[in-house]
Amino acid sequence: MINYLSVENVTYHYGDLALFDNINFGVSEGQKVALIAKNGAGKTTLFNILTGQFPPQEGEVTFRKGIRVGYLSQDPELCPDNTVMQELFFAEGEAIQTIRQYEEALHHHDMDALSRLTSRIDHLNAWDYESRIKQILAQLKITRFDQQISELSGGQRKRVALAKVLITEPDFILLDEPTNHLDLDMIEWLEQYLGKSKSTLLMITHDRYFLDRVCNHILELDNQTIYQYQGNYPYYLEKREERIAMKSAEVEKARNLLRKEQEWMNRMPQARATKAKYRINAFYELKDVASQRVGGREMELGIQGARLGSKILEMDGVCKAYDDLVMMKDFTYKFARNEKVGIIGNNGTGKTTFLNMISGQIKPDSGTIEIGETVVFGYYRQQGIVVDDDKRVIDVISEISEKISLGDGQTMSASQFLRYFMFPNEMHYVQVAKLSGGERKRLHLMTVLMRNPNFLILDEPTNDLDIFTLNVLEDYLRAFKGCLIIVSHDRYFMDKVVDHVFVFQGNGVVKDFPGNYTEFQDYRKEQDKIKAQEKPADKKATEAKPAEKKADTTRKLSFKEKRELEQLEADIAALEAEKNSLETALSSGTLTGDELTQQSMRVGQIIEQLEEKEMRWLELSEI
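As the structure is a computational prediction, the values presented were derived from the model and not from experiment. (Residues numbered from 1 in each chain as written. Predicted model: local features only at pLDDT ≥ 70, side-chain atom pairs only at ≥ 80, totals over all residues. Heavy atoms only, no water.)

## Brief notes about the pairing of strand S3 (residues 32-37)
Looking along a regular strand, one sees the side chains alternate between the two faces of the sheet. Within S3, six of the six residues are buried, which leaves it mostly tucked inside the rest of the structure. Of the two faces of S3, both are covered, the one formed by Lys 32, Ala 34 and Ile 36 as well as the one formed by Val 33, Leu 35 and Ala 37. In this sheet, strand S7 (residues 200-204) lies alongside S3 in parallel orientation, the contact comprising four bridges. The residue of S7 that forms the bridge with Ala 34 is Met 203. Sheet topology places S3 next to strand S8 (residues 217-222); five bridges connect them, and they run parallel. Residue Ala 37 lies in a different strand from S8, and its bridge partner there is Leu 221. (Buried < 20%, exposed > 50% of the residue type's maximum accessible area, 1.4 Å probe, protein only. Helix = DSSP H or I, 4+ residues; strand = E, 2+ residues; numbered from the N terminus. Pairing = 2+ DSSP bridges.)

See the structure below:
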């Protein structure tokens, strides 16, 4: 296999913190690789080294010469003054650069350049590149192509940056948490896109379904070393357990032997030190092995929530809208004890509005929301908490409480609580500014849980948390003796935790489905399949029934629309034929400068007309 990336003896220390030491790995053509590690272990730092933003302190990073590399960072930098389309036309890649040069040559009436670039675009099959850009943007739900980057939300910017990487079709793609800010439909589309793509892939992700369906190779960064696993996520879990068990046995053996060697060291006369130098060296090597941490300390959550009374949360006829945008319409529901609800739906369908109404942040337009007297909310928000970056980690916790109640009269100090959340002693006095994104999220989660809530509201809690933290958080939430509402795009997380889901369908419609996310998706696909397989004869029989004609909300094409549909088909065929003819002429090399300009402009006009007519044809054909 052809090697695309080689990492040799790379070392990077952040002050006194060693992230990785002399790590070695390679990525070959066609491999789809996931990088897994705990928060703060150095995943993003390693990506920054691979992309040349940080130089390695030791070692070498080598990409194969001639390959095109695309990179999506967690916080991509885009030009705020560009429109969406302008930003994408500034992407790297031969086809898109050629089109940009062609547009500039057309603007300056540079006939020689137009002739040369026309042949190049034809060779690259790039005449419909703008259409391909719009298709990818549409899948990522970016529909206003003329909107300025400065007007976009953080999530929309991340999606534009993702589109910018994908449209160039690089040979090697590096993706840092690509599923953050994508809704479930987008994630499933991206799974299929990357699964079919011929590009080699290296990505950081906490989405275990996404990882399992896209990747065939896993790298784990642990204890400053890289471990490699050839296989999917379940295979990785199995082999990781085997590795930890073997390492544990090795460390335990070293510790037992160390006790004997320590006694010898204590007894050995100083005068004989030179004669036993080899044994002294072996003692210190043994001590290094015996002092290793194996697998890391797992987070253990045993915080007890306040007691819940019989009345918890009752919603009756709740409605909410912002001008013409309806978020919730006549929603009624009564929550029961220990209920665990997942919330799914596209962005903008009212999920966060629903959470804010429950927690009293905003009021409904109509209807009632009654909260029981014993309810203590714990609300984990997407945007996190506002913390002074100069504060130390332990101060953030201590300011809320010096002691955390575990129930049954047991308490825990702020320092103990931090260690439970995998913040070792040396991190307690670190400034918040120096925490990784995932560590900040973990700190935010601590500030929510330590108040002993009995009704947890978690809005995208999985973003930026590592897989190991997610596994432990899932176990805690399953055992949580209280009510739970989760909004998450992490399907694996939802499947393990929730009992049923509220499906936000848009226009204020919310449906309660009795099952987890995967069961809902299976149900939806089955319903779609049934509709697709419905026989035309059955449809005609149904339409023939007088009683059901009134209830049928579908309509047939009018005579005028039928004529329009026929005309559109003829127009599209004619425009396609004209476009093919013009492209042949443009690449013939026989046109004069004026003819070249005119016919190039005509090709652009035809592409626009085709897009309009095809969209109208789709609208009519769906009726």
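## Topic: the environment of Gln 383
Tracing the backbone through its elements, the reader meets Gln 383 in the loop between strand S14 (377-380) and helix H12 (393-398). For the pair Gln 383 and Asp 459, spaced 76 residues apart in sequence, the C-alpha to C-alpha distance is 9.1 Å.

## Some details on the sheet that holds strand S5 (residues 69-72)
Within the open sheet, the six strands sit side by side as S5-S6-S7-S3-S8-S9. Their pairing is mixed. On the outer flanks of this sheet lie S5 and strand S9 (225-229), each paired with one strand and no other. Taken over all neighbouring pairs, the strand axes of this sheet differ in orientation by 15° on average, direction set aside. With four bridges joining them, S5 and strand S6 (residues 172-176) adopt parallel strand pairing. In the strand pairing of S6, Tyr 71 is matched with Leu 174. Contacts from helix H6 (residues 154-167) reach S5 and S6, with the element oriented near 170° to S5. (Axes fitted to C-alpha atoms, helices over the stretch in contact; angles between N-to-C directions. Contact = heavy atoms within 4.5 Å.)

## Description of the confidence of the model for the chain
Per-residue confidence for the chain gives a mean pLDDT of 81; residues scoring 70 or more make up 83%. Overall, residues 547-553 carries pLDDT values under 50, and its contacts beyond four positions in sequence, including any with other chains, amount to four contacts. (pLDDT = per-residue confidence, 0-100.)

## Some remarks on the environment of Arg 307
For Arg 307, the position within the fold is in the loop between helix H10 (277-290) and strand S10 (313-322). With a relative accessible area of 62%, Arg 307 lands in the exposed category. Put simply, Arg 307 and Asn 452 are 145 residues apart on the chain and 9.7 Å apart in space, counted from C-alpha to C-alpha. The contact partners of Arg 307, leaving out residues within four places of it in the chain, are Thr 374 and Asn 454.

## A few points about unusual backbone geometry
Even without being a glycine, Asn 223 presents a positive backbone phi close to 50°. Inspection of the secondary structure assignment puts Asn 223 in the loop between S8 and S9. Its relative accessible area of 33% is what places Asn 223 among the partly exposed residues. The backbone phi angle of Asn 452 is positive, close to 55°, even though this residue is not glycine. Position of Asn 452 among the secondary structure elements: in the loop between helix H14 (437-449) and strand S17 (455-459). Here Asn 452 falls in the buried class, since its relative accessible area comes to 17%.

## Examining the sheet that holds strand S1 (residues 3-14)
Hydrogen bonds between backbone atoms are what pair the strands of a sheet, whose relative direction is either parallel or antiparallel. Pairing in this open sheet of three strands is antiparallel, and the strands run S2-S1-S4 from one edge to the other. In this open sheet, the two strands that pair with only one neighbour each are strand S2 (17-28) and strand S4 (58-63). With strand direction ignored, the average angle separating the axes of adjacent strands in the sheet is 15°. Where S1 and S2 come together, eight bridges link them in antiparallel fashion. Bridging across to S2, Tyr 14 finds its partner in Leu 17. Lying on the sheet, helix H1 (residues 43-50) is in contact with S1, S2 and S4; it crosses S2 at an angle near 55°.

## Some thoughts on the pattern of salt bridges
In the structure shown here, the tally under the stated rule is 24 salt bridges. Here Lys 164 and Glu 87 are joined by a salt bridge, their closest N and O atoms 2.5 Å apart. Here Lys 164 is found in helix H6, whereas its partner Glu 87 is found in helix H2 (residues 84-89), with 77 residues between them in sequence. By relative accessible area, Glu 87 is classed as buried at 3%. As a salt-bridge pair, Asp 222 and Arg 243 come within 3.5 Å of each other at their nearest N and O atoms. Here Asp 222, found in strand S8, pairs with Arg 243, found in helix H9 (residues 233-267); they are 21 residues apart in sequence, far enough to count as distant. Arg 243 matches Asp 222 in its accessibility class, with the two residues each being buried. (Salt bridge = Lys/Arg side-chain N within 4 Å of Asp/Glu carboxyl O.)

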